Amino acid sequence: EDALIESEERFRQIFEQNYDAQFIFEYGARQIIDANAASSALFGFTREELTDSEISVFTGAGGLLKFVDIAKDVSVGGSFGIERMEIVKKDGEKRFVSIKGQRIKLMQSDVIYCTVRDISEVIRMEEDSRVMQTKLIHANKMTSLGTLASGVAHEINNPNNYILFNASILTGVWKDTARILEAYYKENGEFSAGGLPYTEMIRSVPELLSGITDGARRVKGIIDNLKDFSKPDVSDAAGSVDVNAAVTASVSMLRHEIIKYT
């Protein structure tokens, strides 16, 4: 009897002084038999409030069903674990815990002895790590996109410069040639050039040349914006921003989408 009393006292000391929340409830039942001081600190209930309640007081109905469903199939000496479960403290604060349970014999009865550990901070740190990782992936994508934009801008810029230069020359050639064609028309009447009647050509060619020049200039504007986008950002939060220039550059780059959807 003395040995049994000593053993029970030893168990009680371990139970009470454990830093993790621990509680005991009868196997097959939901009523809490006992809870240590750490349980009161974690859940916010006094020991009397806990031992007068079912475990649903902090697991909620959904958590209770999950808990009972897992614990019911544990044999004597067997154990189970719940990696993550949401609990609700007395003040309404929600926390995440991990639970390790074992079915043991206590006072000739089968009981479930559980250890509960608060893992809320671990989960928060994991979530912060995931957010940071997502930001780093996004930053790497933007860096790659900047490198790609710089390469594309360079490849497009060279032929576009040829178009701009040649369009300027062709515009000058047309102005000089138009006078000769006009004199020929007055002397010989309507004629065809490039599959177009002269009277239509004299009106269309300036518009075509102007369209080539305007299009090439728009391409040049987009290229310049891409180059600016790919440059490392050396400005700081205290710098001034030309909002009109930013909007104009955005409109230039998104012109196709704007026309398509508005």
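Everything here concerns the structure above.
Residues numbered from 1 in each chain as written. Predicted model: local features only at pLDDT ≥ 70, side-chain atom pairs only at ≥ 80, totals over all residues. Heavy atoms only, no water.

Visitor: Which residues make up the overall build of the protein, and what are the values?
Guide: Across its full length, the protein holds eight helices and seven strands. By the compact-globule yardstick of 18 Å for 262 residues, the protein is too spread out, its C-alpha radius of gyration being 40 Å. Residues counted as buried form 27% of the 262 residues belonging to the protein. Here the analysis covers contacts within the protein between residues at least 6 apart in sequence; of these, 45% occur between residues at least 24 apart. Entry remark: accessible area of the protein is about 17700 Å², with carbon and sulfur atoms responsible for 57%. Between the mean site of the 30 positive side-chain charges and the mean site of the 39 negative ones, the protein shows a separation of 7 Å. (Helix = DSSP H or I, 4+ residues; strand = E, 2+ residues; numbered from the N terminus. Rg over C-alpha atoms; globule rule 2.2 N^0.38 Å. Buried < 20%, exposed > 50% of the residue type's maximum accessible area, 1.4 Å probe, protein only. Contact = heavy atoms within 4.5 Å. Areas by Shrake-Rupley, 256 points an atom, 1.4 Å probe, with all protein chains shown as cover. Lys, Arg positive; Asp, Glu negative; His and termini not counted. Charge placed at Lys NZ, Arg CZ, Asp CG, Glu CD.)

Visitor: Go over the environment of E182, please, and point to the residues and values.
Guide: If you trace the backbone, E182 turns up in helix α5 (residues 120-188). The partly exposed category is assigned to E182, whose relative accessible area is 29%. It is 104 Å that separates the C-alpha atoms of E182 and L50, two residues lying 132 residues apart in sequence.

Visitor: How would you summarise the environment of I55 if you had to cite specific residues and measurements?
Guide: Inspection of the secondary structure assignment puts I55 in the loop between α3 (47-51) and α4 (56-71). Classification of I55 by relative accessible area gives buried; the value is 1%. For the pair I55 and I24, spaced 31 residues apart in the sequence, the C-alpha separation amounts to 9.9 Å.

Visitor: Tell me what's going on with a nonpolar patch on the surface, and back it up with residues and numbers.
Guide: Together, V241, V243, V247, V251, M253, L254 and I258 make up a nonpolar patch on the protein surface, roughly 610 Å² of accessible area in all. At four residues, the largest contribution of residues to the nonpolar patch is made by helix α7 (residues 243-253). (Patch = residues over 30% accessible without salt bridge, like charges linked within 9 Å, V, L, I, M, F, W, Y side chains within 5 Å. Salt bridge = Lys/Arg side-chain N within 4 Å of Asp/Glu carboxyl O.)

Visitor: Describe the side chain of N36, naming the residues involved and giving the relevant values.
Guide: Tracing the sequence through the fold places N36 in the loop between β2 (32-35) and α2 (37-43). Assessed through its relative accessible area of 0%, N36 is described here as buried. A polar side-chain atom of N36 sits 3.0 Å from the main-chain amide nitrogen of Q22. Residues within four places of N36 in sequence aside, it is in contact with F15, E16, N18, D20, A21, Q22 and R47. (Polar contact = N/O pair within 3.5 Å; in protein donor to acceptor, adjacent residues only side chain to side chain.)

Visitor: Just give me the short version of the packing of aromatic side chains, but keep the residues and values in it.
Guide: Tallied over the full model, the rule gives three aromatic pairs. Seen in terms of ring centroids, Y184 and F191 are 5.1 Å apart; in terms of plane orientation they differ by 90 degrees. Their pairing is edge-to-face. Judged by centre distance (5.0 Å) and plane angle (25 degrees), the ring pair of F191 and Y198 falls under stacked. When sorted by exposure, F191 lands in the same class as Y198, which is buried. Put simply, the rings of Y184, Y185, F191 and Y198 pair up and form one aromatic cluster. The side chain of R84 reaches across the aromatic face of F96, ending 4.5 Å from its centre. (Phe/Tyr/Trp six-rings, centres within 6.5 Å; stacked < 30°, edge-to-face > 60°. Lys NZ or Arg CZ within 6 Å of the ring centre and 35° of its normal.)

Visitor: Lay out the pairing of strand β5 (residues 109-118) with the relevant residues and their values.
Guide: Across six bridges, the pairing between strand β1 (residues 21-26) and β5 is antiparallel. Opposite F23, over in β5, you have C114 as the bridge partner. Bridge count between strand β4 (residues 94-106) and β5: ten bridges; the pairing is antiparallel. Looking at the pairing, V97 lines up with D118 of β5. (Pairing = 2+ DSSP bridges.)

Visitor: Give me the lowdown on the pairing of β1, citing residues and values where you can.
Guide: β1 sits mainly inside the fold: five of its six residues count as buried. In this sheet, β2 lies alongside β1 in antiparallel orientation, the contact comprising three bridges. From the neighbouring strand, I24 faces β2, where its bridge partner is D34.

Visitor: Could you give me a rundown of the sheet that holds β2, with the residues and numbers involved?
Guide: The sheet built from five strands is open, its strands ordered β2-β1-β5-β4-β3 with antiparallel pairing. Taken across any chain shown, the strands that pair with only one partner, and hence form the sheet edges, are β2 and β3 (79-88). Within the sheet, the average angular offset between the axes of one strand and its neighbour, ignoring direction, is 30 degrees. Bridge analysis of β3 against β4 gives eight bridges, and the strand direction is antiparallel. Within the sheet, the bridge partner assigned to I82 lies in β4 and is I99. Contacting β3, β4 and β5, α5 crosses the sheet at an angle of about 135 degrees to β4. (Axes fitted to C-alpha atoms, helices over the stretch in contact; angles between N-to-C directions.)

Structural measurements only, silent on function.
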